[in-house]
Protein chains: 2
Amino acid sequence: MCGTDNDSAEAPAPHPASRANLPSSSPYSQVQDYLSNTQRYQIIESTLREGEQFANAFFTREHKVKIATMLSEFGCQYIELTSPVSSQASYDDCKYICSLGLKAKILTHVRCNMEDAKRAVECGVDGVDLVIGTSSFLREYSHGKSMAMIKQTALEVIEYVKSKGVEVRFSSEDSFRSDLVDILALYQAVDKAGVNRVGIADTVGGATPRMVYDLVRTLRGVVGCDIECHFHDDTGCSVANAVTALEGGATHVDTSVLGIGERNGITPLGALMARMVVSAPEYTKATFDLPRLKDIEEYVASVVEINIPFNNPVTGFCAFTHKAGIHAKAILANPSTYEIIDPALFGLTRYVNITSRITGWNAVKGRITQLGLDGPGGFETDDQIKEVTAKIKQLADIRPLAIDDADSIIHAYHLQLTGNGKQQETAA
Amino acid sequence: MCGTDNDSAEAPAPHPASRANLPSSSPYSQVQDYLSNTQRYQIIESTLREGEQFANAFFTREHKVKIATMLSEFGCQYIELTSPVSSQASYDDCKYICSLGLKAKILTHVRCNMEDAKRAVECGVDGVDLVIGTSSFLREYSHGKSMAMIKQTALEVIEYVKSKGVEVRFSSEDSFRSDLVDILALYQAVDKAGVNRVGIADTVGGATPRMVYDLVRTLRGVVGCDIECHFHDDTGCSVANAVTALEGGATHVDTSVLGIGERNGITPLGALMARMVVSAPEYTKATFDLPRLKDIEEYVASVVEINIPFNNPVTGFCAFTHKAGIHAKAILANPSTYEIIDPALFGLTRYVNITSRITGWNAVKGRITQLGLDGPGGFETDDQIKEVTAKIKQLADIRPLAIDDADSIIHAYHLQLTGNGKQQETAA
């Protein structure tokens, strides 16, 4: 019924599902996007690391275990935890979660030094995510290290982690404000040293999609290992930057539930699912248990005491509500006219609003059919429906209407139409 | 102090401010982006049209006048109103708002037919925004018109509106699922007929930035008039798509306050301001009265009875809150290390959290200075600060801490340090 189901009608293409619903003469369905990993991306879910940096976050062990379990069952390939060096509970909980035998691999995110790496390995993690700031801003104001020192330390720490049979990622922080030659040289060195992934991070949230595409594509030509991306949302681009990074050759995307993290957070898991179920419907539906998304979001929202944003993709209260007359008419005929995502994929339903001054008569017709008031003896002609629509719009111009207000107007009109109503009219 | 203030250090470039904070060896600061309009974009603010299609929206005339006035004073160049054909109040309010003499030009958004266009002109608007669905989905399920009919009608209506001395825009709906050749031919024809703007719309919210760039860039080569863009946010890309459209040669972006609109809405005005104050700081600061943003968002949120999303760029409650130790240390030394936007531009301030298990001692040091407890007789050494930080982290590992909990720990430790505290200690 929905947009994403029409892929089968498309002409053959390298990624047949990635350009859903575009007619064959559109240039987008023809693009031979050889670098793109949109059809085989992996999620590094960082609610328990980046998310712990959210202003409201205080996670007990119980919270952490439940969140890790839900995310693993959802299908996230990796779960990233706060550094065990941060506090005693961070250490103990990391060790405990590693012992649970979840399907997802467990990572922890530590500063790039030997002491932190040793504590991480002690906890029994599947992988260690090393991070260091490489921008001149961070080198000057945060840790004060030169690029030569960064490289030397990195190679030592990577060698150590690998010697323990543990996955290792090396990431710069603030990659988009780092010197391009510096970070390419550094990534090339750590790639040769055998890291599993390099990571680039838009730590301040200032990158645009075209900046992301350029940097990832360039990096793709320099390293052979996987590429992980981490995008903050300060300028509202974190989801678009993630999909664009995958198009440029990135393999892994960092997310958190509802995007919680430092400041206003990072790429939200749910919004990225909305994006990827359009860009890569088959892979996304096969890999992630999408109907679980709402429960995961509601649980995390309750733990950190926030409301799910009204405009959240997929699970925002109005994500599948249609109101304007012109929209409602078409959506009733074919939902894919105004929906790129089928709500049923996430276990949700759509709603067509008929209670406003911009309501059209086709939406009211749909409601009349739902109420079973059409057909012989009831609403028989379009003119009748247009007349009752005018009555609804008239009242909706004066005050906000609830659905039962509109239903009452429809029922009253219907009563007039039926013999019963006509008799009353005659008697009056 | 903040990222956006460092532009002056950059090498000469066509748009000196658009690549803020990138060192000169970064490829991004060197790109000669001749098509880009990021330094001279205009806003078509559609809270009173698209926003009226939001599930919760019921705007009285009082609401409409206040919103239109606030947006005009903010600096939005255009304000778009619901079609006067929708209802009697829509007609009357449109006429009334046109009579106010606001600085912003008043537009109304109507179906592309003569009857609607005449009603629009009657109201005294500065411009008429014509819209028609051109995708095969909409042609089949919505209005059923062929491209030839669409073109013929469009030319007649455009001629009429122009003859009245009123601005006219012609937009397709669902442009990204329309046949490329069809819409280019149509836009070329209406451009020749003298429209002021053509519009493209991602009506279902499925476009990615690279799709947007390709379509806008192609269109830029076909028409000479202005190009307006309208992006829904179903897949979380509406802000990134807007800035990418400007980079590709678009001139006008549709927004609404907090993004309210059909389903989960369109490009939010505030998030776009966050984006553009980074991409085009000088123009954005000179054109828009940014400190008014928060009031505008709060007013609209109260009218439509929603909460401002926790993760809203700029005005979300934690947009400038820093928590992780590594971040807090650097932000205290130089805010632009972890902030791409200076909160002061929007009349806001930053906050460094010191009450969690991931707190670092540099953040606590900052707090001690704020409290005036440093210096002779108080906190004199880093070791003292590290010790009190450990006490804070110990308690924060057990339960959520408020700022006054952390302050109490600091004060208690300080009391021990001072003579007074030492005497008490001796006495005990």
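Residues numbered from 1 in each chain as written. Chains lettered and ligands numbered in written order. Predicted model: local features only at pLDDT ≥ 70, side-chain atom pairs only at ≥ 80, totals over all residues. Heavy atoms only, no water.

Where an unreviewed UniProt entry is consulted, chain A appears under the name homocitrate synthase, with the organism given as Gibberella moniliformis. Heading Catalytic activity (unreviewed entry) of the UniProt record for chain A holds this comment: "acetyl-CoA + 2-oxoglutarate + H2O = (2R)-homocitrate + CoA + H(+)". According to UniProt, the comment filed for chain A under the heading Sequence similarities (unreviewed entry) is "Belongs to the alpha-IPM synthase/homocitrate synthase family. Homocitrate synthase LYS20/LYS21 subfamily." (UniProt positions renumbered as here; feature names shortened; annotations may be inferred.)

## Some words on the overall build of chain A
What chain A contains, in helices and strands, is 16 helices and 10 strands. Across chain A, the fraction of contacts at a sequence separation of at least 24, relative to all contacts at a separation of at least 6, is 71%. Carbon together with sulfur atoms contributes 50% to the accessible area of chain A, which is approximately 14,900 Å² in total. (Helix = DSSP H or I, 4+ residues; strand = E, 2+ residues; numbered from the N terminus. Contact = heavy atoms within 4.5 Å. Areas by Shrake-Rupley, 256 points an atom, 1.4 Å probe, with all protein chains shown as cover.)

## Side note on the sheet that holds strand 6 (residues 197–202) of chain A
Residue and element names in this part refer to chain A. Taking strand neighbours around the barrel as the criterion, the 8 strands line up as 1-2-3-4-5-6-7-8 in a closed arrangement whose pairing is parallel. For this sheet, the mean angle separating the axes of adjacent strands, direction not counted, is 25°. Along the sheet, helix 5 (residues 147–163) makes contact with strand 4 (127–133) and strand 5 (167–173), crossing strand 5 at roughly 160°. (Pairing = 2+ DSSP bridges. Axes fitted to C-alpha atoms, helices over the stretch in contact; angles between N-to-C directions.)

## Describing the packing of helix 7 (residues 209–220) of chain A against helix 8 (residues 238–247) of chain A
All names here are of chain A. Closest axis-to-axis distance for the helix 7/helix 8 pair is 8 Å, and the angle between their directions is 30°. Relative to helix 8, the element helix 7 lies roughly parallel. Crossing of helix 7 over helix 8 shows right-handed handedness. Judged by residue contacts, Pro209, Val212, Tyr213 and Val216 of helix 7 engage Ala240, Asn241, Thr244, Ala245 and Glu247 from helix 8. (Parallel < 35°, antiparallel > 145°, perpendicular 65-115°, else oblique. Left-handed = near helix turned anticlockwise from the far one by under 90°.)

## Here's the deal with the packing of helix 1 (residues 61–74) of chain A against helix 11 (residues 293–303) of chain A
All names here are of chain A. As a packed pair, helix 1 and helix 11 sit with axes 10 Å apart at the nearest point and diverge in direction by 160°. Judged on the interaxial angle alone, helix 11 and helix 1 are roughly antiparallel. Read as a crossing pair, helix 1 and helix 11 show a hand that is left-handed. Seen from helix 1, the contacting residues are Glu62, His63, Lys66, Ile67, Met70, Leu71 and Phe74; seen from helix 11, they are Leu293, Asp295, Ile296, Tyr299, Val300 and Val303. The residue makeup of the contact of helix 1 with helix 11, split by class, is 9 nonpolar, 1 polar and 3 charged. (Nonpolar A, V, L, I, M, F, W, Y, C, P; charged D, E, K, R; others polar.)

## A look at the environment of Arg40 of chain A
Residue and element names in this part refer to chain A. Positionally, Arg40 belongs in the segment before strand 1 (42–45). Classification of Arg40 as partly exposed rests on a relative accessible area of 46%. A sequence separation of 26 residues divides Arg40 from Lys66, and the C-alpha atoms of the two residues are 27 Å apart. Among the polar contacts made by the side chain of Arg40, one reaches the main-chain carbonyl oxygen of Ser36 at a distance of 3.3 Å. (Buried < 20%, exposed > 50% of the residue type's maximum accessible area, 1.4 Å probe, protein only. Polar contact = N/O pair within 3.5 Å; in protein donor to acceptor, adjacent residues only side chain to side chain.)

## Things to note about the environment of Asp116 of chain B
Structurally, Asp116 of chain B is set in helix 3 (residues 114–122). Separated by 271 residues in sequence, Asp116 of chain B and Glu387 of chain B have C-alpha atoms that sit 73 Å apart.

## A word on the domain arrangement of chain A
The extent of an interface is frequently quoted as the accessible surface area lost upon association of the parts. Residues and elements named next belong to chain A. For chain A, the domain assignment lists domain 1 (40–302) and domain 2 (319–420). With centres defined by C-alpha atoms, the gap from domain 1 to domain 2 works out at 46 Å. Facing 9 residues of domain 1, the contacting portion of domain 2 comprises 6 residues. Approximately 620 Å² of surface area, both sides summed, lies buried where domain 1 meets domain 2, with 86% of it carried by carbon and sulfur atoms. Scanning the region where domain 1 abuts domain 2 turns up 0 salt bridges. Taken together, the connections running from domain 1 to domain 2 amount to 0 residue pairs in polar contact (both at pLDDT 80 or more). Those elements that provide at least two residues to the side of domain 1 that touches domain 2 are helix 9 (269–279) and helix 11. (Domains from an automatic or database assignment. Buried area = accessible area lost by both parts, 1.4 Å probe. Salt bridge = Lys/Arg side-chain N within 4 Å of Asp/Glu carboxyl O.)

## Considerations on the pairing of strand 4 of chain A
Looking along a regular strand, one sees the side chains alternate between the two faces of the sheet. All names here are of chain A. Strand 4 sits mainly inside the fold: 7 of its 7 residues count as buried. The pairing of strand 3 (residues 105–111) with strand 4 spans 5 bridges and is parallel. Residue pairing across strands places His109 opposite Asp129, the latter belonging to strand 4. For the segment spanning strand 3, helix 3 (residues 114–122) and strand 4, crossover handedness is right-handed. Of the strand pairs in this sheet, strand 4 and strand 5 are connected by 7 bridges, and their pairing is parallel. Among the inter-strand pairings, Gly133 is bridged to a residue of strand 5, identified as Glu173. (Right-handed = clockwise from strand over helix to strand, strands pointing away.)

## Remarks on the sheet that holds strand 4 (residues 127–133) of chain B
All names here are of chain B. If you trace the 8 strands once around the closed barrel, you get 1-2-3-4-5-6-7-8, paired in parallel fashion. Going across the sheet, the axis of each strand differs from the next one's by a mean of 25°, ignoring polarity. Bridging between strand 6 (residues 197–202) and strand 7 (residues 226–231) involves 6 bridges; their strand directions are parallel. Residue Arg197 lies in a different strand from strand 7, and its bridge partner there is Asp226. Sheet strands in contact with helix 9 (residues 269–279) are strand 1 (42–45) and strand 8 (252–255), and its direction is about 170° off that of strand 1.

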